[in-house]
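# Fold and geometry: a report
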Amino acid sequence: MPETPPTEPMVAGLFHVAVKTNDLAATVAFYTGILGLRNGFRPDFGFPGAWLYVPVAGGPAIMHVYAGGPALGAEGRAPVGTAAIDHLSLACRGFQGYVARFRAAGLDWREFLVPGTTLWQLFVYDPSGLQCELTFEGTGESGPAPDMSPGRAYVAGRSFFDPATYPTLA
């Protein structure tokens, strides 16, 4: 029988992002209650966590959140912020609905129009300081375009996360 040649190496997509947290309940509340992911099956790894799924039939678990054990650094706490990763980007719809959710939850956010495209964006932080970019096809959205005024427009590299004033979500 002839030998099968090896499969050509390739990246086929993003499988998931893993987020460490000191506050599992607040982090799950952010991703489910604010962003709309669905909390679902997670194998028992022997430490607390959650797998958060895209809320459509058969949607994949794109966020893995873990706390305790392996989430903790040498100081006994999970790191805060994004370190070398600047942000997590999610393809979304319902721009104005997300703005309403942010307001209702007391979250700070920024807005952006991607130059030379029809893409609209919202930037918000999760409870662990991970910056989330929600990207929308603007031609499919209703309501006003992103607010590009000073103080509301997103500025790359400028953090607006403040753990001291982050609202309680759990």
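Details of the structure are given in the entry above.
Residues numbered from 1 in each chain as written. Predicted model: local features only at pLDDT ≥ 70, side-chain atom pairs only at ≥ 80, totals over all residues. Heavy atoms only, no water.

## Things to note about helix α1 (residues 24–34)
Among all positions in α1, only Ala-26, Thr-27, Val-28, Phe-30, Tyr-31 and Ile-34 are buried. One or two steps after α1, the chain reaches Gly-36, where phi turns positive at roughly 95 degrees. (Buried < 20%, exposed > 50% of the residue type's maximum accessible area, 1.4 Å probe, protein only. Helix = DSSP H or I, 4+ residues; strand = E, 2+ residues; numbered from the N terminus.)

## Focus: the pairing of strand β5 (residues 88–91)
Of the two faces of β5, the one holding Leu-88 and Leu-90 is buried and the one holding Ser-89 and Ala-91 is not buried anywhere. Examined bridge by bridge, β5 and strand β8 (residues 131–137) share four bridges and lie parallel to one another. Bridge pairing links Leu-90 to Leu-134 in β8. (Pairing = 2+ DSSP bridges.)

## Notes on helix α2 (residues 95–105)
Along α2, the residues classified as buried are Phe-95, Tyr-98, Val-99, Phe-102 and Ala-105. Buried residues in α2, looked at end-on, bunch into an arc of 135 degrees, giving them a common side. Exposed positions of α2 whose direction lies more than 90 degrees from the buried face are Arg-103 and Ala-104. Looking at the buried positions of α2, the neighbouring elements they touch are α1, β6 (110–113), β7 (119–125) and β8. One or two residues past the end of α2 sits Gly-106, with phi positive at roughly 75 degrees. (Arc of directions from axis to C-beta. Contact = heavy atoms within 4.5 Å.)

## Considerations on the side chain of Gln-121
With respect to the helices and strands, the residue Gln-121 is situated in strand β7. For Gln-121, a relative accessible area of 8% gives the class buried. A polar side-chain atom of Gln-121 sits 3.3 Å from a polar atom in the side chain of Glu-133. At 3.3 Å, the side chain of Gln-121 forms a polar contact with the side chain of Thr-135. (Polar contact = N/O pair within 3.5 Å; in protein donor to acceptor, adjacent residues only side chain to side chain.)

## Quick look at the nonpolar core
In terms of nonpolar packing, the biggest core is built from 36 residues, with Phe-30, Tyr-31, Leu-35, Phe-102, Leu-122 and Leu-134 touching the most fellow members. Elements that contribute at least two residues to this core include exactly α1, β3 (49–53), β4 (61–66), β5, α2, β7 and β8. Once residues within four sequence positions are removed from consideration, Leu-122 is found in contact with Phe-95, Tyr-98, Val-99, Phe-102, Trp-109, Arg-110, Glu-111, Cys-132, Glu-133, Leu-134 and Phe-136. (Core = buried A, V, L, I, M, F, W, Y, C linked by side-chain atoms within 4.5 Å.)

## A closer look at the packing of aromatic side chains
Evaluation of the coordinates by the stated rule reveals 15 aromatic pairs. Relative to Tyr-154, the ring of Phe-123 has its centre 3.6 Å away and its plane inclined at 5 degrees; by these criteria the two rings are stacked. Placement of Phe-123 in strand β7 and of Tyr-154 in the segment after β8 is noted, with a sequence separation of 31 residues between them. By the burial criterion, Phe-123 is buried, and Tyr-154 matches it. Among the aromatic residues, those joined into a ring-pair cluster are Phe-95, Tyr-98, Phe-102, Trp-109, Trp-120 and Phe-136. Sitting over the face of the ring of Phe-47, Arg-42 holds its NZ or CZ atom 5.1 Å from the ring centroid. Above the face of the Tyr-98 ring, Arg-101 is positioned so that its terminal group lies 5.3 Å from the ring centre. (Phe/Tyr/Trp six-rings, centres within 6.5 Å; stacked < 30°, edge-to-face > 60°. Lys NZ or Arg CZ within 6 Å of the ring centre and 35° of its normal.)

## Re the side chain of Ser-128
Assignment of secondary structure puts Ser-128 in the loop between β7 and β8. In this structure the side chain of Ser-128 is engaged in a polar contact, spanning 3.0 Å, whose partner is the side chain of Thr-21. Residues contacting Ser-128, with those up to four places away along its chain left out, are Lys-20, Thr-21, Asn-22, Thr-27, Val-80, Gly-81 and Phe-161.

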